[in-house]
Amino acid sequence: MVVLAASIISKSGKVLVSRQFVDMSRIRIEGLLAAFPKLVGSGKQHTYVETENVRYVYQPIDVLYLLLVTNKQSNILEDLDTLRLLSKVVPEYSPSLDEEGICKNAFELIFAFDEVISLGHKENVTVAQVKQYCEMESHEERLHKLVLQSKINETKDVMKRKANEIDKSKIERGKMDKGGFSSLQSMGSMGSIGRLDSGFGNDTGISSGNNFGSGSGFGLSSEVDSFSSKPKGRPSAAVSAPGKGMGMKLGKSQKANQFLESLKAEGELIVEDVRPSANSSRAAAPPPTDPITLTTEEKLNVTLKRDGGVSNFDVQGTLSLQVLNQDDGFIQVQIESGDNPEIKFKTHPNINKELFSNENILGSKDPNRPFPAGQSGDGLGLLKWRLQSKDESDVPLTINCWPSVSGNETYVSIEYEASSMFDLQNVVISVPLPALREAPNVRQIDGEWRYDSRNSVLEWSILLIDDSNRSGSMEFVVPPADTSAFFPISVRFSATSTFSNMKVVNIIPLRNGSAPKFSQRTQLVTDSYQVV
């Protein structure tokens, strides 16, 4: 008896697993297995087929065939006994008796076949013995793993002790550095409180926020020095001298850094976890340098349907004012905007609404009270507006995603179409993917791509979308997956023009003298932009 090969094939003739036990070329075994489906007749009760050279002994398993290819001199009874044993072994290693299950456990099945058949002859083994042999438990291996784990635990303990020693030394140094500073800080704080008490009156409406205050005056921050008696240009010691050593520190701890360094020293590849900010499409604004800075910003919230149409389209805009010196705060701001009747404007309660309605001028109800200086962030909000629409033509960027499953692969084609209203900058289209062992196969792309394996997201980046590339596409291939796994698609971008076309025309001084120099910043950013 000589078994030439043991194979599992589909009823259409597709070879899933095949193990040869004698020297045989690949062309010959492929030819023998390809001829088998043609030799099997329907309605026959026997489970073997003979040709001039070989004998096929087979057994149906659901939608598959378990097949032995033997020579004609072999004992048919022993062949059937071998086939029965293999039919018991296969379900032990592949609970799912279909193509996907067999291919997933192909190597385990090959190892099991080797334990049953050796050099073409059946071994005197049982199913339990085959499982025991394939597990290959080794006392030496377990001992090696225990020694290795003990070394790892010992190294971690040493790292913890070193980290604790470093933390203690830092605390001691911090106490020594802080000892001489704390008394000076407390004295400076008391002096500042005294100056504030003497400078502020009881009938002056003042708020500590960044917006307008309630009552008759503007809401000024506690840092505004026009209402206090402290000298300009010199902040108090309590404000300017931060403490040393004991402040909050952001980033990885010393223990984490030491652990990563030890892994790098052992040759491990460490990928740093860099988390993007909540609104990475918005670049950090440089600090104002001109006496007057006005910032126009619109935030875009859009939800598009994957089959077309707009589920939500909302634009919220603000016009903010920053004044460096309090003397330049006696001004009025003249603006102009587009003629879109869908945009609804809303001024701050302390702005003269009649003046704005008639002349498009933003000014205080009390001309003798200046705009506050020293506002942090984007400054003091003067005007807000909102635009809502269901018209798809208002959408600056549309995304079409077409996933299709073909065999053992899923082909995903994505295209974008940008409106001519805006030139979009730093565009990032994030496509969620099913869990993958390796990066997707990107076959065609207009731009650049990056695969975030930690979050299983494919990011498609286009630096600039203008008249030269109003449309583009990307195509990639992944293993078979449900089409809903590629949604929702998130989009980030920015632009230097807005839907409202808000512009500052002029700065009108309320006191004698020329108008102060001013600068204007305009940007459109995405707050939430998705295709669901």
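All of these numbers come straight from a predicted model, not from anything done at the bench.

(A) Inspection of the packing of aromatic side chains at higher detail. Counted according to the given criterion, the structure contains 11 aromatic pairs. On the basis of an interplanar angle of 90° and a centroid distance of 5.4 Å, the ring pair of F36 and Y65 is categorised as edge-to-face. Residue F36 is found in helix α1 (residues 26-39), and its partner Y65 is found in strand β5 (residues 64-71); the two are separated by 29 residues along the sequence. The same class applies to F36 and to Y65, which are both buried. Every member of this aromatic cluster is reached through a ring pair, and the members are F36, Y56, Y58 and Y65. The ring of Y65 is capped by K11, whose NZ or CZ atom sits 5.8 Å from the centre of that ring.

(B) Examining the nonpolar core more closely. Grouped together as the largest cluster of nonpolar side chains are 63 residues, with contacts concentrated most on L397, I429, F476 and F486. In terms of residue count, strand β9 (residues 310-323) provides more of this core than any other element does, six residues in total. Ranked by size, the runner-up nonpolar core spans 29 residues in total, among them F21, L68, V90 and A112.

(C) Examining a positive patch on the surface more closely. Together, K346, K353, K365 and K384 make up a positively charged patch on the protein surface. Here K353 lies in helix α9 (residues 353-359). When its relative accessible area of 41% is taken as the criterion, K353 is described as partly exposed.

(D) Highlighting the sheet that holds strand β20 (residues 471-478). Read from one edge of the open sheet, four strands run β14-β15-β20-β17, paired in antiparallel fashion. For this open sheet the edge positions go to β14 (397-406) and β17 (441-445), each flanked by a neighbour on one side alone. Across the sheet, the mean angle separating the axes of adjacent strands is 15° when strand polarity is ignored. As judged from the eight bridges shared by strand β15 (residues 409-418) and β20, these two strands associate in the antiparallel manner. Residue Y416 lies in a different strand from β20, and its bridge partner there is G472.

(E) Seen up close, the pattern of salt bridges. The tally for this structure, following the rule as stated, stands at 12 salt bridges. With its nearest N and O atoms 3.7 Å apart, the salt bridge here joins R55 to D79. Taken together, the residues span a long stretch of sequence, with R55 in strand β4 (residues 54-61) and D79 in helix α2 (residues 76-93) at a distance of 24 residues. Taking relative accessible area as the criterion, D79 reaches 0% and is therefore assigned buried. Where K145 meets E141, a salt bridge forms, and the shortest distance between an N and an O atom there is 3.5 Å. One end of the pair, K145, and the other, E141, are both in helix α6 (residues 139-199), four residues apart, so they sit about a helical turn from each other. A residue is classified by how much of its surface remains accessible, and K145, at 51% relative accessible area, is exposed.

(F) Inspection of the confidence of the model for the chain at higher detail. Averaged over the chain, the pLDDT score is 79; the fraction of residues at 70 or greater is 77%. Overall, residues 180-249 carries pLDDT values under 50, and its contacts beyond four positions in sequence, including any with other chains, amount to 74 contacts. For residues 273-281, every residue scores under 50 in pLDDT, and the model assigns this stretch nine contacts once sequence neighbours within four places are set aside.

Here is what the cut-offs are and how they apply
- Residues numbered from 1 in each chain as written.
- Predicted model: local features only at pLDDT ≥ 70, side-chain atom pairs only at ≥ 80, totals over all residues.
- Heavy atoms only, no water.
- Phe/Tyr/Trp six-rings, centres within 6.5 Å; stacked < 30°, edge-to-face > 60°.
- Helix = DSSP H or I, 4+ residues; strand = E, 2+ residues; numbered from the N terminus.
- Buried < 20%, exposed > 50% of the residue type's maximum accessible area, 1.4 Å probe, protein only.
- Lys NZ or Arg CZ within 6 Å of the ring centre and 35° of its normal.
- Core = buried A, V, L, I, M, F, W, Y, C linked by side-chain atoms within 4.5 Å.
- Patch = residues over 30% accessible without salt bridge, like charges linked within 9 Å, V, L, I, M, F, W, Y side chains within 5 Å.
- Areas by Shrake-Rupley, 256 points an atom, 1.4 Å probe, with all protein chains shown as cover.
- Salt bridge = Lys/Arg side-chain N within 4 Å of Asp/Glu carboxyl O.
- Lys, Arg positive; Asp, Glu negative; His and termini not counted.
- Charge placed at Lys NZ, Arg CZ, Asp CG, Glu CD.
- Pairing = 2+ DSSP bridges.
- Axes fitted to C-alpha atoms, helices over the stretch in contact; angles between N-to-C directions.
- pLDDT = per-residue confidence, 0-100.
- Contact = heavy atoms within 4.5 Å.

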